[in-house]
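One-letter residues, chain by chain:
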Amino acid sequence: MDLYRTTDIRPPESTDWSHRMANTRGLLQVLVFTVLASPSWAQVPLPSSLTEAIDTELGRLLGPDRDSTLAVVSYASGSSDAEAVLVETADPLLVGSPEGVVTRPGALARDLDVLRRALGSELPGGPLAILVRPDLAADPEAGRRVRGAATEAGFSEVETVSVDTGALPEGTRVAYLDAGTGLDDGPLADRLDALAEQGVLVFAAAPRLVRLGALASASPPYEGRLAREVALAVQERLDGRVVEDMPLRPLPPVRFSLNEATARRLGVSIPWGFRLEADVMDTGSVPESALTLDQAIREAANGALAVRAEAFAVRANQEEVGLARSAILPQVGVASTARVINDDLARVALGGAEPEWLVTVGAQLSQVLFDEPAFAGVAITRRVAIARGFDLAEARLDAADRAASGFVDLLRAETGASIERATLTRTRTNLEAARLRRTVGSSGPAAVARLEAEVAQSRGRLAQVLGAAEAARVALNGALNRALNEPVAPQVDVEDEVSPGEAPGRLPGPDASGFTRAPDPLRIARAFAADALSSVPGGAPPSPEAARAFAGEAATLAARQSPAADALRSIVAARQRSLSSARRAFVLPSLRLDAGANVRLLEDGAGTEPPPPGLPIPPFPDETWRIGVTLSYPLVAGGARSARVRQARAEVESAQTQLDLVIQGVQVGARAAAQQLSANAAAFEQSLEAARAAQEAYDVVSELYREGLASLLDLLDAETALRIAEQLAAQSAFDVVESTIGLQRATGAFDALDDSRVTDPDAVLNQGP
């Protein structure tokens, strides 16, 4: 919340207020007054970003005595401290004056034009709401001034609305939020959240309002400049001097800000040009598309197309077991016959054996009593089905590995984008410093041109890594069997990874020099690597010797619980059963039981007459049955049995060799992953140290450059070294994560999955496509 004076503001007589406002060209200006406190002043808490900047600048100016001077700066409401330094920030849209309010020339028109650029289209129709602090909302003169500014911006319907509880005009789709709101951050964020819920596009006059939930802003960061002025005023007050007025100093050029979370909520598509030029913030709550690594692993393991295909194959193999078992179970069948033969044939068949018309019904039963090939077939298909079950477990691990790799690739690309954004922020900060140096005559136009080129190159690199992030997002959706264009946001817990002066989910504010600090692009990478290392029992091996011992344990574990090895063990057992069956075929016969019964239901026509008297031919019976046992043993099979033995023996050796090969492969993979994990963890620590050193070197060189004590070449070298160090540190972090993922894959067990060795195909298929 900004601090506003309740009485009139009287700049020194030598100050031409209207001329000063016109010369700002619409840029935000800051006033700092040091006066004696009196009841005519109303003091309210300053924004947290401003207080942090003031504290930082006081520390830079006053060193160890900073804590004893903090009381000089009054933050509390209603303070009567006569030594307080009272701070007032001028509204970007409305500025207090003895006559009432003064419209900042062209500010609203320019800011709304930036919003059009952000949307890449014309603004929605309807009235425009100007959100201002409550006392200005009730001021008729302020409303008249605001409507005039809005008319210049092309809006015919304009209404000034109190930011706290004021109701927007019906049909409002666009609102402009003034910098001086009179609200704390919490209530203001709630108000912006409610407006976003209504689908209102809120464009703000200050970057900190974008952090709180507004869509975009076109104002330069001012907190650092104001912090420096306050600190200087405090220092002069401590020296016994009273400063009547601080001179207005030029601020950096327009700086665009964009809240990515708000854009997603509103369904706003931001063009590349604005997205690359703006400070992109993402301060919303966790989006519905947020996805953790464990969630990605589980989703892929249960829903990937390859897993579902393997689950159907396992189900088919399970039915193969039933088919093989059916050959040794009782076979029962019924049959009915209805036929007609010629009457001449029927007449010669005495005793009614072949009547002209005949209808019969019968039943048959057969049962294998002993058949070695049939029994072996059941055992073999059962083991093959078990092997396919392990193949399904292997397919789930492969799918989990692909999803985990896709997750890491997406997070790597987004981290690369964060590094390029940080580089872009630093380069633009240096460009602003170069412009200031050129203004005061300490630098020429070449430095500005060179830094402008660096900004353009940085934007180009940022566009490339953002494109790579989109490609990685598509690949991850494919691994998860989602719609390829479905939004997905990789989520990593970084609650304990907040840098000093930085709040979770927010970009850091400006530093004491008045320029925006670059965000820490390694936050997520560091947290991701730390979380990955925490999943390793005992952590990463601290030495090469410990790594070798750890690798041996990992290799043993991999050989014992690898689904691929278990599948081949079942195949080896199946081949061995086939070999023993082929050998038994030399000495074991087959034994089968057969039975049947038949009943004549209808017989008529020729052939049904009884035989002539005296002939010893009994009539054909109406019911017949049979039962018997068949024993078969081939004496000579043309060498087929010997060939089957040799073939089965070769298949056993082949399967055993494949098993040995797979075990060797998983052991090699586990050992390599375990040892690589140790080396990557050590390299990660060193890369972080290198990034910290590069950051310190850059901070020193950039400060020297602002003071005119370092060359532009030194600055660019330090910036390039910092960018490379951050990229290497991020790569080292993701190398650690990939090592842990590779170790889990090699040992056949992901922490996010269950520990069952064989996966039920129905459990997979019931997940749905």
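What you see is a predicted model, and the numbers here were worked out from it, not measured in a lab.

Rules used in this analysis
- Residues numbered from 1 in each chain as written.
- Predicted model: local features only at pLDDT ≥ 70, side-chain atom pairs only at ≥ 80, totals over all residues.
- Heavy atoms only, no water.
- Helix = DSSP H or I, 4+ residues; strand = E, 2+ residues; numbered from the N terminus.
- Buried < 20%, exposed > 50% of the residue type's maximum accessible area, 1.4 Å probe, protein only.
- Contact = heavy atoms within 4.5 Å.
- Areas by Shrake-Rupley, 256 points an atom, 1.4 Å probe, with all protein chains shown as cover.
- Pairing = 2+ DSSP bridges.
- Axes fitted to C-alpha atoms, helices over the stretch in contact; angles between N-to-C directions.
- Phe/Tyr/Trp six-rings, centres within 6.5 Å; stacked < 30°, edge-to-face > 60°.
- Core = buried A, V, L, I, M, F, W, Y, C linked by side-chain atoms within 4.5 Å.
- pLDDT = per-residue confidence, 0-100.
- Patch = residues over 30% accessible without salt bridge, like charges linked within 9 Å, V, L, I, M, F, W, Y side chains within 5 Å.
- Salt bridge = Lys/Arg side-chain N within 4 Å of Asp/Glu carboxyl O.

A. Focus on the overall build of the protein. Helix and strand counts for the protein stand at 22 helices and 17 strands. For the protein, the proportion of its 769 residues judged to be buried stands at 48%. In the protein, of all internal contacts separated by at least 6 residues, the share reaching a separation of at least 24 is 81%. Entry remark: accessible area of the protein is about 35300 Å², with carbon and sulfur atoms responsible for 55%.

B. Structural detail: the sheet that holds strand β17 (residues 623-632). Taken together, four strands build an open sheet; the order of strands is β13-β14-β16-β17 and the sheet is antiparallel. In the strand order of this sheet, the two ends are held by β13 (331-340) and β17, each with one partner. The mean inter-strand angle of the sheet, taken between neighbouring strand axes irrespective of direction, is 15°. Note: strand β14 (residues 357-370) against strand β16 (residues 590-604), 13 bridges, orientation antiparallel.

C. Up close: the packing of aromatic side chains. Taken as a whole, this structure holds four aromatic pairs when the rule is applied. For the ring pair phenylalanine 370 and phenylalanine 375, a centre distance of 5.8 Å and an interplane angle of 85° mean the geometry is edge-to-face. Each ring, one from phenylalanine 528 and one from phenylalanine 734, has its centre 6.2 Å from the other, and the planes form 70°; the classification is edge-to-face. Of this pair, phenylalanine 528 sits in helix α17 (residues 523-534) while phenylalanine 734 sits in helix α21 (residues 712-746); the two residues are 206 residues apart in sequence, bridging distant segments of the chain.

D. Looking closely at unusual backbone geometry. Within the chain, asparagine 481 stands out as a residue other than glycine whose phi angle is a positive 60°. With respect to the helices and strands, asparagine 481 occurs in the loop between α16 (445-479) and β15 (489-490).

E. Broad picture of the nonpolar core. In this structure, Ile297, Phe528 and Tyr705 are the most contacted members of the largest nonpolar core, which totals 85 residues. Every element with two or more residues in this core is listed here: α12 (293-303), α13 (305-326), α15 (372-439), α16, α17, α18 (544-561), α20 (640-706) and α21. With 17 residues, the top contributor of residues to this core is α15. When near neighbours in sequence (up to four residues on either side) are disregarded, isoleucine 297 contacts Ala400, Ala404, Phe750, Ala752 and Leu753.

F. Representation of the confidence of the model for the protein. Per-residue confidence for the protein gives a mean pLDDT of 76, with 73% of residues at or over 70. Within the protein, the lowest mean pLDDT, 29, falls on helix α1 (residues 17-23), and the highest, 91, falls on α21. The model gives residues 1-45 a pLDDT under 50, and that stretch makes 116 contacts with residues more than four places away or in other chains. In the predicted structure, residues 496-516 sits below a pLDDT of 50 and forms 68 contacts with residues beyond four places in sequence or in another chain.

G. Highlighting a nonpolar patch on the surface. Nonpolar side chains collect at one region of the surface, where Val361, Leu601 and Leu602 lie side by side and expose about 260 Å² of accessible area between them. Turning to its location among the elements, leucine 602 is positioned in strand β16. A residue is classified by how much of its surface remains accessible, and leucine 602, at 47% relative accessible area, is partly exposed.

H. Molecular detail of the pairing of strand β5 (residues 128-132). The buried fraction of β5 amounts to five of the five residues, a majority that puts the element mostly inside the structure. The two faces of β5 match: Leu128, Ile130 and Val132 on one face and Ala129 and Leu131 on the other face are all buried.

I. Local environment of the sheet that holds strand β9 (residues 216-217). Pairing within the open sheet is mixed, and its seven strands lie in the order β6-β5-β7-β8-β9-β10-β11. Either end of the sheet is taken by a strand with one partner, and the two such strands are β6 (158-162) and β11 (279-281). With four bridges connecting them, strand β7 (residues 174-177) and strand β8 (residues 201-204) associate as parallel partners. Bridge pairing in β8 links tyrosine 176 to phenylalanine 203.

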